[in-house]
Amino acid sequence: MPLTLRIITPERIVLEEQVDQVTATAIDGELSILPGHEPLVTALTMDVLRYVAGKEDEFVAVMGGILEVKNGEVTVLSDAAEIDREIDHLRANEAKERALAEKTQKTDKLDVYVTEMAIGRAMARLKAVEFREQRKRRR
Ligand code: ATP
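What counts and how
Residues numbered from 1 in each chain as written. Predicted model: local features only at pLDDT ≥ 70, side-chain atom pairs only at ≥ 80, totals over all residues. Heavy atoms only, no water. Phe/Tyr/Trp six-rings, centres within 6.5 Å; stacked < 30°, edge-to-face > 60°. Helix = DSSP H or I, 4+ residues; strand = E, 2+ residues; numbered from the N terminus. Buried < 20%, exposed > 50% of the residue type's maximum accessible area, 1.4 Å probe, protein only. Lys NZ or Arg CZ within 6 Å of the ring centre and 35° of its normal. Polar contact = N/O pair within 3.5 Å; in protein donor to acceptor, adjacent residues only side chain to side chain. Contact = heavy atoms within 4.5 Å. 1 Å grid on protein atoms, 1.4 Å probe; cavity = no way out; pocket = protein on both sides within 12 Å on 5 of 7 lines; lining within 4 Å. Points joined across faces, edges and corners; volume = space filled by probe spheres on them.

## Things to note about the packing of aromatic side chains
Moving on, step 1. One pass over the structure, following the stated rule, counts 1 aromatic pair.
Moving on, step 2. Between the aromatic rings of Phe59 and Phe131, the centroid separation amounts to 5.2 Å while the plane-to-plane angle is 45°, which identifies the pairing as tilted. Note that Phe59 is positioned in strand E6 (residues 56-70) and Phe131 in helix H2 (residues 109-138), a separation of 72 residues in sequence.
Moving on, step 3. Of the residues examined, Phe59 reaches a relative accessible area of 2% and is grouped as buried.
Moving on, step 4. Accessibility expressed as a relative area gives 19% for Phe131, which makes it buried.
Moving on, step 5. Above the face of the Phe131 ring, Arg50 is positioned so that its terminal group lies 5.0 Å from the ring centre.

## Topic: the environment of Glu97
Moving on, step 1. Within the fold, Glu97 resides in helix H1 (residues 89-105).
Moving on, step 2. Residue class for Glu97 comes out partly exposed when judged on its relative accessible area of 49%.
Moving on, step 3. For the pair Glu97 and Ala122, spaced 25 residues apart in sequence, the C-alpha separation works out to 9.1 Å.

## Overview of the side chain of Asp57
Moving on, step 1. Looking at the secondary structure, you find Asp57 in strand E6.
Moving on, step 2. Side chain to side chain, Asp57 and Arg50 meet in a polar contact 3.4 Å long.

## Some remarks on the environment of Gln18
Moving on, step 1. One can find Gln18 in strand E2 (residues 13-19).
Moving on, step 2. Residue class for Gln18 comes out partly exposed when judged on its relative accessible area of 46%.
Moving on, step 3. In this structure the C-alpha to C-alpha distance between Gln18 and Val52, which are 34 residues apart in sequence, comes to 9.4 Å.
Moving on, step 4. Apart from residues no more than four positions distant in its own chain, Gln18 is found in contact with Pro2, Leu3, Thr4 and Ala53.
Moving on, step 5. Side-chain polar atoms of Gln18 contact the side chain of Thr4, separated by 2.9 Å.

## Quick word on the layout of surface pockets
Moving on, step 1. Here the largest pocket defines a volume of roughly 450 Å³.
Moving on, step 2. Surrounding the largest pocket, 21 residues form its lining, Glu82, Arg91, Ala95, Arg121 and Arg125 being those nearest its centre.
Moving on, step 3. Breaking the lining of the largest pocket down by element, the ones donating at least two residues are strand E8 (81-83), H1 and H2.
Moving on, step 4. For the lining of the largest pocket, the element with the most residues is H1, which contributes 7 residues.

Spelled out as structure tokens, the structure:
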């Protein structure tokens, strides 16, 4: 019995799919979910969520949020998330460079934090693109 994976942002349903396995990064470490996993609620860091559907590994950049496992369903609620193929590589690179440059100009703690979050989002997106490229090269 597969798992149903749903990734939802305020803008859209990013993904709703039957999958065999989900691996995500929670604030206390990596988490792998297989069918039959016990119920769970945890907070995610900004990172790449990986899922397996059939033979393929798929990647989703998830900007933190909440992950819940219940009754064979994995639900992720996040401010933003993109499937690897949706990610604009150039935009993420530019966002990273811009945020890195801004960070050097900031002194206020909150301003520094805001730029660090932007760097984190860009890095998660670039990582998802990189994983996708690696998968393509393995074929
Ligand atoms: P940018 O500075 O490029 O807008 P950001 O990190 O500030 O990046 P977010 O606020 O996280 O962007 O996201 C705003 C919207 O744009 C969301 O819908 C998000 O999914 C989308 N988005 C952001 N960056 C990318 C990207 N590189 N490729 C595809 N969609 C993106």
